[in-house]
Amino acid sequence: MSPIWTILFATISLLCATTMASDPDPVQDFCIPDPRYGSLKTAHLTILPCKNSSEATTDDFVFSGVKRAGNFSADTGLAAIPVNPTNFPGLNTLGMSFIRADLKVGGINPPHFHPRATEIAYVVEGSVYSGFVDSTSRVFARTVEQGEVMVYPRGLVHFQMNVGDKPATIFGSFNSQNPGSQKIPAAIFGSGIKEELLEKAFGLSPKQIGAMRRRFDPKKVK
Ligand SMILES: *[C@@H]1O[C@H](CO)[C@@H](O)[C@H](O)[C@H]1NC(C)=O
Ligand SMILES: *[C@@H]1O[C@H](CO)[C@@H](O)[C@H](O)[C@H]1NC(C)=O
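Residues numbered from 1 in each chain as written. Chains lettered and ligands numbered in written order. Predicted model: local features only at pLDDT ≥ 70, side-chain atom pairs only at ≥ 80, totals over all residues. Heavy atoms only, no water.

Put simply, the rule is: UniProt positions are given in the numbering used here, feature names are shortened, and annotations may be inferred rather than shown by experiment.
By the naming in an unreviewed UniProt entry, the protein is Germin-like protein, taken from Carpinus fangiana. Its UniProt record, at the heading Sequence similarities (unreviewed entry), says of the protein: "Belongs to the germin family."

Encoded structure:
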């Protein structure tokens, strides 16, 4: 191959590799953040300098916070425990994270999406109406039973509802250490978008918009 073709080929391969990867590839076995540089929560960074690997212990790679359900939201009947490098530092730089979600009977995980990850969700217990909507507004949804998994492609809106007669437990895995979660009701009605725009977009009256805002504005401002 002539040098120009070699360069072109290498550039295209590199572009393909970078567009396919979700998080950056690790350049070492693991990277437990060094607490001297602050925590992932306070540093507003997604990747922190590693502590000397000789100081890592087995416990750095085990997280025990998902043995039991989290705290249930009164509004939705959902208890979610996200597991990412902020509470499980051993995940740092590995390009993955996890969630335990528990749903009371009739409880819902409202429509939301993860901008940076595909999620694969395993129903550990219960029967869950589960689905996602693609970019042509086509819905793919059905009841997913205990022992089944469903995948929600990256960036697509998805949702779950416990349609069984006992509590449901779901374990989800993400191909990013920081998938992000954008909740549709809060993003639309709780973010401070001008009311007039929301009225026109949804065909709702000012009174109806006000009711939605009071429900979804986390700061509860009128
Ligand atoms: C990491 O720790 C080992 C063992 O204490 C030490 O020999 C090595 O110099 C340290 N590496 C760095 C970069 O500090
Ligand atoms: C549940 O709430 C309690 C009391 O506020 C808190 O201490 C605990 O950390 C919470 N559990 C989870 C998993 O968030």
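After that view, the rundown keeps rolling.
### Here we look at the sheet that holds strand S3 (residues 108-113)
To keep it simple, the criterion reads: Two strands are said to pair when DSSP picks up at least two bridges between them. Only DSSP runs of H or I covering at least 4 residues are called helices, and only runs of E covering at least 2 are called strands; the numbering of each starts at the N terminus.
Taken in spatial order, the 5 strands of this open sheet run S6-S5-S8-S3-S10, and their pairing is antiparallel. Edge positions in the open sheet fall to strand S6 (139-145) and strand S10 (182-183), since each of these has one partner strand only. Two strands pair when backbone bridges link them, and strand S5 (residues 127-133) and S6 are joined in this way by 7 bridges, in the antiparallel orientation. Following the sheet pairing, Val133 is matched in S6 by Val139.

### Notes on the confidence of the model for the protein
The predicted coordinates ought not to be read in detail in places where the model reports low pLDDT. Selection criterion: Scored from 0 to 100, pLDDT reflects the predictor's confidence in each residue. Contacts: residue pairs with any heavy atoms within 4.5 Å of one another.
Mean pLDDT for the protein: 88, with 84% of residues reaching 70 or above. Here residues 11-19 is a poorly scored stretch, pLDDT under 50, and it has 0 contacts once near neighbours within four places are set aside; other chains count.

### Points about the environment of Gln160
The test is simple: Burial here depends on accessible area, computed with a 1.4 Å probe over protein chains only, as a share of the maximum for the residue type. Under 20% is buried, over 50% is exposed, and the range in between is partly exposed. The term polar contact refers here to a pair of N or O atoms within 3.5 Å; inside protein, the definition further demands a hydrogen-donor-capable atom paired with an acceptor-capable atom, and it admits residues adjacent in sequence only when both atoms are side-chain atoms.
If you trace the backbone, Gln160 turns up in strand S8 (residues 157-162). Accessibility expressed as a relative area gives 5% for Gln160, which makes it buried. C-alpha of Gln160 to C-alpha of Pro110: the two residues are 50 residues apart in sequence and 7.0 Å apart in space. Excluding its chain neighbours within four sequence positions, the residues that come into contact with Gln160 are Leu103, Gly107, Ile108, Asn109, Ala121, Val128, Tyr129, Ser130, Tyr152 and Ile170. Looking at Gln160, its side chain comes within polar contact range of the side chain of Tyr152, at 2.9 Å.

### Here's the deal with the packing of aromatic side chains
Put simply, the test is: A pair of aromatic rings is counted whenever rings of Phe, Tyr or Trp (Trp by its six-membered ring) have centres within 6.5 Å, and the orientation is called stacked for planes under 30 degrees apart, edge-to-face for over 60 and tilted otherwise.
Tallying each qualifying case throughout the model produces 7 aromatic pairs. Cluster of aromatic residues (ring-pair linked, three or more members): Phe189, Phe202 and Phe216.

### Quick look at the state of the cysteines
Spelled out, the test is: Cysteine sulfur atoms are paired as a disulfide whenever they come within 2.5 Å of each other.
A complete count under the given rule lists 1 disulfide for this structure. In this model, Cys31 is linked to Cys50 through a disulfide, with the two sulfur atoms separated by 2.2 Å. Looking along the S-S bond of the Cys31-Cys50 disulfide, the torsion reads about -100°, which is the left-handed sense. Of this pair, Cys31 sits in the loop between helix H1 (3-20) and helix H2 (40-43) while Cys50 sits in the loop between H2 and strand S1 (78-83); the two residues are 19 residues apart in sequence, bridging distant segments of the chain.

### Here's the deal with the sheet that holds strand S9 (residues 168-174)
Condition: Only the stretch in contact is used when fitting a helix axis, every axis being a line fitted to C-alpha atoms; angles between N-to-C directions are given from 0 to 180 degrees.
Strand order in the open sheet formed by 5 strands is S1-S2-S9-S4-S7, and the pairing between neighbours is antiparallel. The open sheet terminates on both sides in strands that have one partner only, identified here as S1 and strand S7 (149-152). Across this sheet, the average inter-strand angle for adjacent strands is 20°, counted without regard to direction. In this sheet, S9 lies alongside strand S2 (residues 97-103) in antiparallel orientation, the contact comprising 7 bridges. Bridge pairing in S9 places Ala101 opposite Ile170.

### Overview of the environment of Arg116
By secondary structure assignment, the location of Arg116 is in the loop between S3 and strand S4 (119-125). Among the residues examined, Arg116 registers a relative accessible area of 37% and is labelled partly exposed. Spatially, the C-alpha atoms of Arg116 and Asn178 are 7.2 Å apart, while their sequence positions differ by 62 residues. Only 2.6 Å separates the side chain of Arg116 from the backbone oxygen of Asn178, close enough to count as a polar contact.

### Points about unusual backbone geometry
Look at Thr93: it is not a glycine, yet its phi comes out positive at around 75°. When its relative accessible area of 9% is taken as the criterion, Thr93 is described as buried. With phi around 65°, Ser137 is a residue other than glycine that occupies positive phi space. Examined against the element boundaries, Ser137 turns out to sit in the loop between S5 and S6.

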